[in-house]
Amino acid sequence: MQLWRDALRRHNPTEERVLVNTATLKTTRSEEIFAAAQKLMPGGVNSPVRAFKSVGGQPIVFDRVKGSHIWDVDGNEYIDYIGSWGPAICGHAHPEVTQALHDVLEKGTSFGAPCYLENVLAEMVIDAVPSIEMVRFVNSGTEACMAVLRLMRAFTGRDKLIKFEGCYHGHADMFLVKAGSGVATLGLPDSPGVPKSTTANTLTAPYNDLQAVRSLFEENPDQVSGVILEPIVGNAGFIPPDAGFLEGLRELTREYGALLVFDEVMTGFRIAYGGAQQKFGVTPDLTTLGKIIGGGLPVGAYGGRRDIMAMVAPAGPMYQAGTLSGNPLAMTAGIKTLELLQRSNTYEQLERITKKLSDGLLQAAKETGHAACGGNISGMFGFFFTEGPVHSYEDAKHSDLNKFGRFHRGMLERGVYLAPSQFEAGFTSLAHTDEDIDRTIAAAREVMSGL
Ligand code: KE4
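The rules behind these values
- The numbers attached to residues start from 1 for each chain and follow its sequence in the written order.
- In keeping with the predicted nature of the model, local features appear solely for residues at pLDDT of at least 70, side-chain atom pairs appear and are counted solely at 80 or more, and the whole-chain, interface and lining totals rest on all residues.
- Note: side-chain values were computed over all heavy atoms of the structure, leaving out hydrogens and water.
- Comment: axis = line fitted to C-alpha atoms, over the contacting stretch for helices; angle = value between 0 and 180 degrees taken between N-to-C directions.
- Helix and strand definitions follow DSSP, with helices as H or I runs of at least four residues and strands as E runs of at least two, each counted in order from the N terminus.
- A crossing counts as left-handed when the near helix is turned anticlockwise from the far one by less than a right angle, and as right-handed when that turn is clockwise.
- Pairs of residues are marked as contacts when any of their non-hydrogen atoms sit within 4.5 Å.
- When residues are sorted by character, Ala, Val, Leu, Ile, Met, Phe, Trp, Tyr, Cys and Pro go into the nonpolar class, Asp, Glu, Lys and Arg into the charged class, and all the rest, Gly among them, into the polar class.
- The criterion for strand pairing is that DSSP finds at least two bridges linking the strands in question.
- Near is defined per residue: the residue qualifies when any heavy atom it owns lies within 4 Å of the molecule or strand.
- Between N or O atoms, a polar contact is any pair within 3.5 Å; within protein, one atom must be a potential hydrogen donor and the other a potential acceptor, and residues adjacent in sequence are included only when both atoms are from side chains.
- Only the protein chains shown count as cover for residues, and all accessible areas are computed by the Shrake-Rupley method using a 1.4 Å probe.

Undergrad: Now, about the packing of helix α4 (residues 116-128) against helix α12 (residues 328-341): what can you tell me, with residues and values included?
TA: Between α4 and α12, the shortest axis-to-axis distance is 9 Å and the interhelical angle comes to 35°. As for how α4 packs across α12, the hand of that crossing is left-handed. Contact residues: L117, E118, V120, L121, M124 and V125 in α4; P328, M331, T332, G334, I335, L338 and E339 in α12. Counted by class, the contact of α4 with α12 contains 9 nonpolar, 2 polar and 2 charged residues.

Here it is as structure tokens:
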């Protein structure tokens with residue numbers, strides 16, 4: 001902690017807590033540090049969405065987090081609806097997670113060899129997620145999706161995959177086709193450096209469009225290894241599946257001998273303890289996970305049917321590896337986080353608090369004359385400035401992005417930290433209180449009345 005404080009002291013952050021100034025946000029230190037960061041790291045960030053490109057204004061540099069709040073280097077305090085993009089579902093710096101890490105730290109940070117904690121988390125994941133009979137841990141959601149694609153191809157002997165416009169499955173080449181999240185945020189058609197040959201096998205369809213998927217299967221007979229999707233889209237803004245969509249994909253993949261893969265990096269353990277697949281009662285063949293299962297430390301995982309996972313080296317021929325995979329710190333934070341989520345009333349609380357937020361935001365829009373639509377499922381929410389409904393990325397793109405950017409800035413100045421892009425979902429936690437929600441809705445009403 002001292003190292004951290006010394007590093008920050010060099011930028012002389014104000015020590016006392018500055019209550020958020022509603023007129024203009026005092027961001028002197030953020031500006032200094034971010035200016036320096038831009039000379040050191042591309043765009044001054046280590047992940048593009050953090051640069052505020054699509055909402056404009058000064059990106060905020062943060063100092064610490066606790067519960068449902070986050071403090072910046074100027075001492076401004078915010079209610080946090082990003083939660084490190086999902087992992088902080090129990091609240092930031094949960095004392096039991098922090099203590100568990102303290103206890104295990106003395107045993108070392110990484111073994112590079114089997115450790116019992118891997119068994120413990122693997123068993124918890126297998127017990128929780130309907131599709132998972134065996135699991136492999138990796139270090140990010142991107143890695144999990146890369147590996148699961150290789151596995152889909154290895155198991156079926158087919159090269160093509162179907163993904164959906166606006167869905168994001170990490171930054172591996174094969175997925176950077178009409179991707180969501182930061183790719184959509186930056187309006188990148190696709191990324192340079194990705195050979196056409198690599199994405200030639202990536203087919204895309206609009207989300208919620210079963211007919212389009214059937215056509216792709218018909219046009220590519222016996223060539224599609226599988227369909228991968230976010231069972232609830234969080235990377236094009238919040239877009240739930242239409243009734244029957246997931247069931248329809250389950251049937252279509254069976255009919256055409258392809259695999260069904262749910263990318264639950266974001267939804268896993270958030271929508272329900274067993275993920276979206278448990279909530280909707282549709283069991284894929286393979287699932288990817290990340291975020292929550294690492295409790296805020298780098299982690300990813302892929303798992304599914306035993307007969308498929310048996311192909312993964314060294315049990316089978318499909319190669320995948322990772323120096324820090326299954327390291328004791330990430331395993332510990334994940335184990336403790338899942339233990340906390342197993343406690344009673346967890347998902348009822350997430351649903352209640354998030355529905356109150358979502359309903360409040362939409363009511364505020366209605367009262368201030370703005371067209372808006374959106375909703376929540378458990379601790380995941382989103383809204384768009386458009387009449388809606390929003391069923392696909394195409395719909396999302398036609399919402400009022402400029403208005404969203406102005407809304408984001410106004411909320412920031414009132415101490416509410418929302419995802420800095422229309423093409424992201426919002427996240428609540430067990431630490432968010434009714435007071436947080438009431439304050440957020442009041443701020444939204446104030447900002448919207450001035451938009
Ligand atoms: P990571 O490699 O960022 O751990 O996971 C990639 C990924 C895969 N699948 C889904 C459904 C995801 O949402 C993600 C990552 N989510 C973004 C937020 N939209 C991470 C935030 C960022 O890129 O900075």
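Undergrad: Requested: an account of the sheet that holds strand β5 (residues 160-164), with residues and values cited.
TA: A sheet is described by the order of its strands in space; here 7 strands give the open sequence β4-β10-β9-β8-β7-β5-β6, paired in mixed fashion. The outermost strands of the open sheet, each flanked by one partner alone, are β4 (134-138) and β6 (202-205). Strand after strand, the sheet turns through a mean of 20° between neighbouring axes, direction not considered. With 5 bridges joining them, strand β9 (residues 286-290) and strand β10 (residues 300-304) adopt antiparallel strand pairing. Counted as the bridge partner of G290 is G300 from β10. In the packing of α4 onto the sheet, the strands contacted are β4 and β9, and the crossing angle to β4 comes to about 125°. The strands that helix α8 (residues 210-219) touches are β5, β6 and β7 (224-229); relative to β6, the one it contacts most, it runs at about 150°.

Undergrad: Describe the site of the ligand, and please don't skip the residues or the numbers.
TA: Not every one of the 17 residues close to the ligand is listed here, only the nearest: S47, T142, N235, D263 and E424. At 2.6 Å from an oxygen atom of the ligand is found a side-chain nitrogen or oxygen belonging to S47. Summarising the interface, the protein chains cover 87% of the accessible area of the ligand, which totals 540 Å² for the free molecule. Per-class residue counts for the shell around the ligand are 5 nonpolar, 8 polar and 4 charged.

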